[in-house]
Amino acid sequence: MAANNDQQNQAGRHQEVGHKSLLQSDALYQYILETSVYPREPEPMKELRELTAKHPWNIMTTSADEGQFLNMLLKLINAKNTMEIGVYTGYSLLATALALPDDGKILAMDVNRENYELGLPIIQKAGVAHKIDFREGPALPVLDEMVADEKNHGTFDFIFVDADKDNYLNYHKRLIDLVKVGGVIGYDNTLWNGSVVAPADAPLRKYVKYYRDFVWELNKALPADPRIEICMLPVGDGITLCRRIQ
Ligand code: SAM
Ligand code: CA
């Protein structure tokens, strides 16, 4: 009962300031997918999405609406040199590769090559594999190496971070040097399955609970960083865009 009252109070607070939660139901989300996303999803992305759906870890994939969002964002900012940390079977990677010009580049990192190679034939068939430089292994040492060489500083237009949440702040410390002023870093899953607002005693899956502390920490640190402007969007599982300003 107390929880219900709390929910009503929260809803009331939203309404007072004229806000409405946009996605009130699964049906509304389905409506977005069916009216706006699936009809315009490029054939290779559809193929990769369907292949990934059969994989046991499919919960990790970027959703189709977020893929469409990333593709649009990259075109809007005219991104050419990009990075992705956390590839899995490559749905967001393909969304990126399709958005970049023919001489665009993506430095893509993942500790698991096998999953990347599941999706690779589709990426090759789409004619965009030449834009991808895939590195197998943990991303942090690669970033350290890049940061050590000043000529890499300020060279990336866009960086998508979608890997180990307990390292996001470690990534941020390095990525802020590598992204150009005016460039964008996107941190994915910043609403962490809605758990960021779950009550202390909510029954959360173990991994959700473990990583939540790190997501909270990131969500506190980014707004306090004067080198970036930020915007947290409720797309997918939440994405926080950070535009470097200094
Ligand atoms: N962006 C992907 C997509 O669109 O399907 C989803 C990425 S999935 C949520 C997270 C990925 O991060 C996994 O494939 C995992 O192997 C990778 N990963 C975990 N720790 C990592 C690390 N330290 N360095 C690089 N990749 C890592
Ligand atoms: Ca994600």
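Just so we're clear, the structure is a prediction, and the values are computed from it rather than from any experiment.

Student: Let's hear about the coordination of the calcium ion (ligand 2): which residues, and what values?
Tutor: Perfect tetrahedral coordination of a metal by four donors corresponds to 109.5 degrees between them, and perfect octahedral coordination by six donors corresponds to 90 or 180 degrees. Taken together, the protein donors to the calcium ion (ligand 2) comprise Asp 162 (OD), Asp 162 (OD), Asp 188 (OD) and Asn 189 (OD1), at separations of 2.2 to 2.9 Å. Spacing between the donor residues of the calcium ion (ligand 2) along their common chain follows D-x25-D-N. Summarising the burial analysis for this pair, Asp 188 and Asn 189 share the class buried.

Student: Explain the pairing of strand β6 (residues 228-233) residue by residue, including any values.
Tutor: As defined by bridge partners, β6 adjoins strand β7 (residues 239-244) across 6 bridges and the pair is classed as antiparallel. By the bridge assignment for β7, Met 232 is matched with Thr 240. Turn length for the β6-β7 hairpin, with the two strands adjacent in sequence and antiparallel, is 5 residues, and the turn residue Gly 236 shows positive phi of about 60 degrees.

Student: Can you lay out helix α3 (residues 43-53) for me, pointing to particular residues and giving the numbers?
Tutor: By the burial criterion, the buried members of α3 are Pro 44, Met 45, Leu 48 and Thr 52. Down the axis of α3, the sector holding all buried residues measures 100 degrees, keeping them to one side. Turning to α3, the residues buried within the fold contact α4 (64-76), α5 (91-99) and α6 (113-125).

Student: Tell me about the site of ligand 1, residues and numbers included.
Tutor: Surveying the vicinity of ligand 1 reveals 18 residues, the closest of which are Thr 62, Gly 86, Ser 92, Asp 110 and Asp 162. Surface burial for ligand 1 is 88%, taken as the share of its 610 Å² of free accessible area covered by protein chains. Class assignment for the residues of the shell around ligand 1 results in 9 nonpolar, 5 polar and 4 charged.

Student: How would you summarise unusual backbone geometry if you had to cite specific residues and measurements?
Tutor: The phi torsion at Tyr 88 lies on the positive side, around 50 degrees, for a residue other than glycine. Relative to the assigned elements, Tyr 88 resides in the loop between β1 (81-85) and α5. Phi at Asn 189 is positive, roughly 70 degrees, even though this residue is not glycine. Position of Asn 189 relative to the elements: it lies in the loop between β5 (179-188) and α9 (206-221).

Student: Quick rundown of the environment of Lys 151? Include the residues and the values.
Tutor: Note that Lys 151 resides in the loop between α7 (139-148) and β4 (156-161). Sequence separation of Lys 151 and Tyr 29 is 122 residues, and the distance between their C-alpha atoms is 43 Å.

Student: So, the packing of aromatic side chains: which residues are in play, and what are the values?
Tutor: Under the criterion given, the structure shown has 6 aromatic pairs. Pairing Trp 192 with Tyr 207 gives two aromatic rings, centres 5.9 Å apart and planes at 85 degrees, and the pair type is edge-to-face. One end of the pair, Trp 192, is in the loop between β5 and α9; the other, Tyr 207, is in helix α9, and 15 residues separate them in sequence. For the pair Tyr 210 and Tyr 211, a centre-to-centre distance of 4.8 Å together with 75 degrees between the ring planes defines the contact as edge-to-face. A relative accessible area of 44% means that Tyr 210 is categorised as partly exposed. We classify Tyr 211 as partly exposed; its relative accessible area is 22%. Members of the aromatic cluster, connected to one another through ring pairs, are Trp 192, Tyr 207, Tyr 210, Tyr 211 and Phe 214.

Student: How would you summarise the packing of α3 against α5 if you had to cite specific residues and measurements?
Tutor: Axis angle and axis distance: for two packed helices, these are the angle between their axes and the distance between the axes, and together they describe the pair. Following both chains from N to C, one finds α3 and α5 inclined at 175 degrees, their axes separated by 10 Å at the closest point. When the axes of α3 and α5 are compared, the pair comes out roughly antiparallel. Contacts from Pro 44, Met 45, Leu 48 and Arg 49 of α3 reach α5 at Tyr 91, Leu 94, Ala 95 and Leu 98. Classifying every residue of the contact of α3 with α5 gives 7 nonpolar, no polar and 1 charged.

Student: An account of the pattern of salt bridges is requested, with residue identities and associated values reported.
Tutor: Opposite charge on two side chains permits them to pair, given that their charged atoms come into close proximity. Tallied over the entire structure, the rule returns 13 salt bridges. Here Lys 125 makes a salt bridge to Glu 47, at a shortest N to O gap of 3.0 Å. Placement of the pair is Lys 125 in helix α6 and Glu 47 in helix α3, with a sequence separation of 78 residues. Residue classification places Lys 125 among the exposed positions, given a relative accessible area of 61%.

Conventions and cut-offs
Residues numbered from 1 in each chain as written. Chains lettered and ligands numbered in written order. Predicted model: local features only at pLDDT ≥ 70, side-chain atom pairs only at ≥ 80, totals over all residues. Heavy atoms only, no water. Donors = N, O, S within 2.8 Å, 3.2 Å for Na, K, Ca; no water. Buried < 20%, exposed > 50% of the residue type's maximum accessible area, 1.4 Å probe, protein only. Pairing = 2+ DSSP bridges. Helix = DSSP H or I, 4+ residues; strand = E, 2+ residues; numbered from the N terminus. Arc of directions from axis to C-beta. Contact = heavy atoms within 4.5 Å. Near = heavy atom within 4 Å. Areas by Shrake-Rupley, 256 points an atom, 1.4 Å probe, with all protein chains shown as cover. Nonpolar A, V, L, I, M, F, W, Y, C, P; charged D, E, K, R; others polar. Phe/Tyr/Trp six-rings, centres within 6.5 Å; stacked < 30°, edge-to-face > 60°. Axes fitted to C-alpha atoms, helices over the stretch in contact; angles between N-to-C directions. Parallel < 35°, antiparallel > 145°, perpendicular 65-115°, else oblique. Salt bridge = Lys/Arg side-chain N within 4 Å of Asp/Glu carboxyl O.

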